[in-house]
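Chain and residue survey
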Amino acid sequence: GPWSYKAIKQLVKLHLRSLNGSSAVRDYERLLRVASSPDAKISPNAVEKGVNNMLDRVASLINNSSSNADTSSSSSLQETLAQNIYDLTLKAFHPTSGIAPNERLWFKTNLKYGQLLYEMNETAKLQWVIRDLLLSSGQPTDILEGKTTSSSSAMMISSTDNTSTGGTHVMEIAALQIQLYSRLKDTKKLRAAYHRAMSVRGGIPHPRTLALIQELGGKMHMSQRNFDEASQSFFQAFKSYDEAGDRSRLRCLKYLVMASMLHASSINPFDSHEARAHRDDPEIVAMTNLVQAFHNDDIKTFEKILYKNEGRIMDDEFVREHVADLLRTIRTQVIMRTIGPYAKIRLAKISKSLNGIPVEDVESLLVSLILDGKLNGRIDQVGGVLVKQCQGAADTGPSSSDKPTGKNVDVGSVESRNTASIQRLIRALEHLTDAVSNVGPKTTFHQQQIM
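Residues numbered from 1 in each chain as written. Predicted model: local features only at pLDDT ≥ 70, side-chain atom pairs only at ≥ 80, totals over all residues. Heavy atoms only, no water.

Points about the overall build of the protein chain
- The helix and strand inventory of the protein chain stands at 21 helices and 3 strands.
- Put simply, the protein chain has 451 residues, and 44% of those count as buried.
- Summed over all atoms, the accessible surface of the protein chain reaches about 23,800 Å², with 52% contributed by carbon and sulfur. (Helix = DSSP H or I, 4+ residues; strand = E, 2+ residues; numbered from the N terminus. Buried < 20%, exposed > 50% of the residue type's maximum accessible area, 1.4 Å probe, protein only. Areas by Shrake-Rupley, 256 points an atom, 1.4 Å probe, with all protein chains shown as cover.)

Description of unusual backbone geometry
- Notably, K185 is not glycine yet its phi reads approximately 60°, a positive angle.
- Looking at the element boundaries, K185 is found in the loop between α8 (164-184) and α9 (187-198).
- Residue R225 is not a glycine yet carries a positive backbone phi of 65°.

A closer look at helix α2 (residues 21-36)
- Given a rise of 1.5 Å per residue, 16 residues ought to cover 22 Å, and the 23 Å separating the end C-alpha atoms of α2 matches this to within 8%.
- Within the sequence span of α2, burial applies to S23, A24, V25, D27, Y28, L31, L32, V34 and A35. (Expected span 1.5 Å × (residues − 1).)

Brief notes about the sheet that holds strand β2 (residues 377-380)
- Taken in spatial order, the 3 strands make up an open sheet running β1-β3-β2, and their pairing is antiparallel. Lying at the two open borders of the sheet, with one neighbouring strand each, are β1 (344-346) and β2. Strand-to-strand twist across the sheet, computed as the mean angle between neighbouring axes with direction ignored, equals 20°.
- In terms of strand pairing, β1 meets strand β3 (residues 385-388) through 3 bridges, oriented antiparallel. Its bridge partner being in β3, K344 is matched across the sheet by V387.
- On top of the sheet, helix α19 (residues 359-371) reaches β2 and β3; it is set at about 155° to β2, its chief contact. (Pairing = 2+ DSSP bridges. Axes fitted to C-alpha atoms, helices over the stretch in contact; angles between N-to-C directions. Contact = heavy atoms within 4.5 Å.)

Considerations on the packing of helix α15 (residues 299-307) against helix α17 (residues 323-339)
- Packing of α15 against α17 brings their axes to within 11 Å, and their N-to-C directions diverge by 170°. Regarding the angle of α15 to α17, the classification is roughly antiparallel. Contacts from I299, F302, E303, L306 and Y307 of α15 reach α17 at V323, L326, L327, I330, R331 and V334.
- Taken together, the residues of the contact of α15 with α17 break down into 9 nonpolar, no polar and 2 charged. (Parallel < 35°, antiparallel > 145°, perpendicular 65-115°, else oblique. Nonpolar A, V, L, I, M, F, W, Y, C, P; charged D, E, K, R; others polar.)

Considering the packing of aromatic side chains
- A full pass over the atoms with the stated rule returns 6 aromatic pairs.
- Note on F234 and F318: the rings are 6.2 Å apart at their centroids and 70° apart in plane angle, and the pair reads as edge-to-face. Here the residue F234 occupies a position in helix α11 (residues 227-244), and F318 occupies one in helix α16 (residues 317-321), the gap between them amounting to 84 residues. For the pair formed by F234 and F318, the shared burial category is buried.
- Here the aromatic rings of F294 and F302 are separated by 6.3 Å at their centres, their planes lie at 45°, and the arrangement is tilted.
- On the basis of relative accessibility, which here comes to 1%, the residue F294 falls in the buried class.
- An aromatic cluster is defined as three or more aromatic residues linked by ring pairs; in this entry it consists of F234, Y255 and F318.
- A cation sits over an aromatic face here: R131 above W128, 5.6 Å from the ring centre.
- Directly above the aromatic system of Y118 lies the positively charged group of R183, at a separation of 4.0 Å from the ring centroid. (Phe/Tyr/Trp six-rings, centres within 6.5 Å; stacked < 30°, edge-to-face > 60°. Lys NZ or Arg CZ within 6 Å of the ring centre and 35° of its normal.)

Examining the pattern of salt bridges
- Applying the stated rule across the entire model yields 12 salt bridges.
- Ionic pairing is found between R249 and D242, a salt bridge with its closest N-O pair at 3.6 Å.
- For R249, a relative accessible area of 15% gives the class buried.
- Residue D242 is classed as partly exposed on the basis of its relative accessible area, which comes to 30%.
- Residues D281 and R247 are paired through a salt bridge, measuring 3.9 Å at the closest nitrogen-oxygen approach. With D281 in the loop between α13 (273-276) and α14 (282-295) and R247 in the loop between α11 and α12 (248-262), the pair connects residues that are 34 residues apart, well separated along the chain. (Salt bridge = Lys/Arg side-chain N within 4 Å of Asp/Glu carboxyl O.)

Printed below as a string of structure tokens:
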């Protein structure tokens, strides 16, 4: 009866607390038999609640063992115990062959099992779990291989259009797939799973599931250097985590800030009212200062925040992967601001404005700008000078380095036209002087008489 069910449940909890694996598995199997018995008169809701609580306890054992760095033997025993508990649950509630068929509970248990396998890095077993989930929800399994034929797409759309539950299941399975392919670094399958999840209509997944899909989708866009789309995905993930009350929202806010800086966007991510509420959080203050330094082209403050690891910014592996891109972006901005008023400028001067980085790195940045079409000029490596092109013509004549060009004058005004004419006249006279000096003193004197 109900009291037997409650007593056995407490026994299982005690065995799990003492890590007595064999006894826990034996009594848990008894618990499932009692719960499936019609004479026990236990409501389905009570069974589902009890089973879910037990699975959460098992999952917490794995999480605690990984965080506490237990010995390999004890962690292996805990993983074996967890897999045995999940196997018994799936077998008991299987929709066709279980002793207490319950498709809803079986599906939820499989999702939890898949998440546990992902945390245990059991990728091979996780793929089998995903295959079972796809089959149970009526989806084609060829999408596991990254294939999206027209027939499979039509089948998937029809299954999601019937009910909101079908769409929700598709998104929950896709979340598992996206995690798996992200860990395997399989970009093709990751992109297919992400777009499939985003094309679902009518699904109502948990905000945390949607946030997970958007977060990993943002990372996928970052790897492809689609920083604008990454910013949008991270912002949606941040809002979904915020709705779920999950602290992961701060992590996504950091990623949003990083993506917006790499996109060289002039919009401050903290201008939105959702993000503004977190700008004074201790984990976010450093990112707020980083954004301010970025928009002010204050490279000294920017590098100081990164190198001192303020707010533990560099503790995040994903942020560390893109630090080089962040530095390259702000250095590019500082270069364009520094060389703006000059026709010629020494590379050493540019290096000084970039907080003293090597001249070789300055040359590399300038070459990238020239090849990308953002800078019209050439590098004189012998003299260590950058020579900018003026109005499409090469400025090959000698002139003093670090001299402003006056290009900030309005082109449409009379003054700007006069300035341009004078500059052309100066260049022509410089070329004439060079030609005269090469001929010799006699010819020079004769030409001076003619002039």
